[in-house]
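Here's the letter readout for the chains.
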Amino acid sequence: MRQKRTESPSETASRRKFLSLGAAVGGALTACAEPQEVVEEAPKRLGRAPDKYGERSPFERSSRLGRASKNPETGSTRSPLQDFHGIITPSSLHFERHHAGVPEIDPAKHRLMIHGMVKRPLVLTVDEIKTLPSVSRVHFIECSGNSRGEWTDRKGPTAQHSHGLASCSEWTGVLLSILLDEAGVNPEAHWLIAEGADACKMHRSLPLDKCRDDVIVAYGQNGEAIRPEQGYPLRLVVPGFEGNINVKWLRRLMLSGQPAMGREETSKYTDLLADGKARQFSFTMEAKSVITRPSGGQKLAREGFHEIAGLAWSGRGVIERVEVSTDDGNTWQDAELQEPRHRIAFTRFRLPWTWDGAETVILSRATDDTGYVQPTEQALIAARGHNSDYHNNCIKAWKIGADGNVTHV
Ligand SMILES: Nc1nc2c(c(=O)[nH]1)N[C@H]1C(S)=C(S)[C@@H](COP(=O)(O)O)O[C@H]1N2
Ligand SMILES: [Mo]
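Residues numbered from 1 in each chain as written. Chains lettered and ligands numbered in written order. Predicted model: local features only at pLDDT ≥ 70, side-chain atom pairs only at ≥ 80, totals over all residues. Heavy atoms only, no water.

Some points on the sheet that holds strand β2 (residues 76-78)
The pairing of strands in a sheet comes from backbone hydrogen bonds and takes either a parallel or an antiparallel form. Selection rule: In this description, strands pair whenever DSSP reports at least two bridges between them. Numbering of helices and strands runs from the N terminus; a helix is a DSSP stretch of H or I covering at least four residues, while a strand is a stretch of E covering at least two.
Strand order in the open sheet formed by three strands is β1-β2-β3, with antiparallel pairing between adjacent strands. One side of each edge strand has no neighbouring strand; the edge strands of this open sheet are β1 (65-66) and β3 (96-97). Pairing of β2 with β3, which is carried by two bridges, proceeds in the antiparallel orientation. Paired with Thr77 across the two strands is Glu96, which belongs to β3.

With respect to unusual backbone geometry
What counts is decided by this rule: Each residue is assigned to one of three classes by its accessible area relative to the maximum for its type, calculated with a 1.4 Å probe on protein chains only: buried under 20%, partly exposed between the two thresholds, exposed over 50%.
In this model, Tyr232 is joined to Pro233 through a cis peptide bond whose omega is 5 degrees. The omega angle of the peptide bond from Glu339 to Pro340 is -5 degrees, so this bond is cis rather than trans. On the secondary structure map, Pro340 appears in the loop between β20 (336-337) and β21 (347-355). In this model, Asp328 sits at a positive phi of 60 degrees, which is unusual for a non-glycine residue. With respect to the helices and strands, the residue Asp328 is situated in the loop between β18 (319-325) and β19 (333-334). The backbone of Ile344 shows a phi angle near 55 degrees, a positive value even though the residue is not glycine. Along the chain, Ile344 turns up in the loop between β20 and β21. Look at Ile344 and you get buried, because its relative accessible area is 1%.

Dropping the structure here:
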């Protein structure tokens, strides 16, 4: 027998909110002509049997976006941000950036070596690493080349084009600080050089303070083993630092007094400023946001209620505020932020909106818990000049035409 339940206060609150939202939506949904039709469509035959490893519905077509090239192994693919719900990127749709393709690594044969300026050099198996105390944390990874086109007038026509070199997963692994304590870092070490097991042995130098703070040697992604594309069986997750430093297929950590000055921190991933000098070790991904619905390539089918939704993130901490403008920046409204808000993670924002059918421009502006506010394009260019290529986090505008078509500005 079913017990009669009394509603909890939070249920009452959310029901009230739903009711008030219901009023705002008013008339957005078309009433059905004949309820009987839907009932008739219900399946009469048995469905598929259970399966060992699940697949999405064959009706779902969302996919990563790549570019045709002579050397696809050194390429990248972008996440379809406009199709996502909530804050987690499905592993199959995580963006990819490989400098030498995805190596096939047998985890039983893989080793992680920790050496250099340490008291006890270590060579660890993946299984040994999994026996250590673990953490699971939600973090975004963003390539510093994301939104590169926004520096130019070839701006991305969709959110996937303009912002899709960013994704957000729950990562599981062991804090790097635990491994460093095990190895015993010598006082003269100030840098850690991390190297991957791909054909180019991609490597980057990290300041030791960061390594002792929140860096994870990860083996889990969204509840299962890290995908081969994301670094199976081990990757470094360096929260808030540019994607490149999140070394995949991690095989070596060398403690050093100096950075390695490798290719990826000299010829690449430096930022040429207006005066001809370049910024080096520009690690942090600053606060950024993008409206994903409605966004470029989509079409508003009718006037009236539409939810504006998008993603915001900051490499410095928690997203505190996202403001949305539906009148080309003249006025701004606070969007609702999805809770819980994770540090250095995608944060979903939402704002109910009634479109009056007139042409307009919509924008979003993120603020993080350090007080940093996402800059306009003009402010970013004023600070960084026209030579910059990486680290573009400026406000993204979408134009909505009177016909409902959404395009880039
Ligand atoms: N070993 C190795 N690590 C790597 C790379 C690589 O090519 N090799 N690419 C880097 C770059 S430039 C980025 S942006 C991220 C991309 O991570 P993802 O492919 O999991 O999205 O991994 C970084 N780590
Ligand atoms: Mo990258």
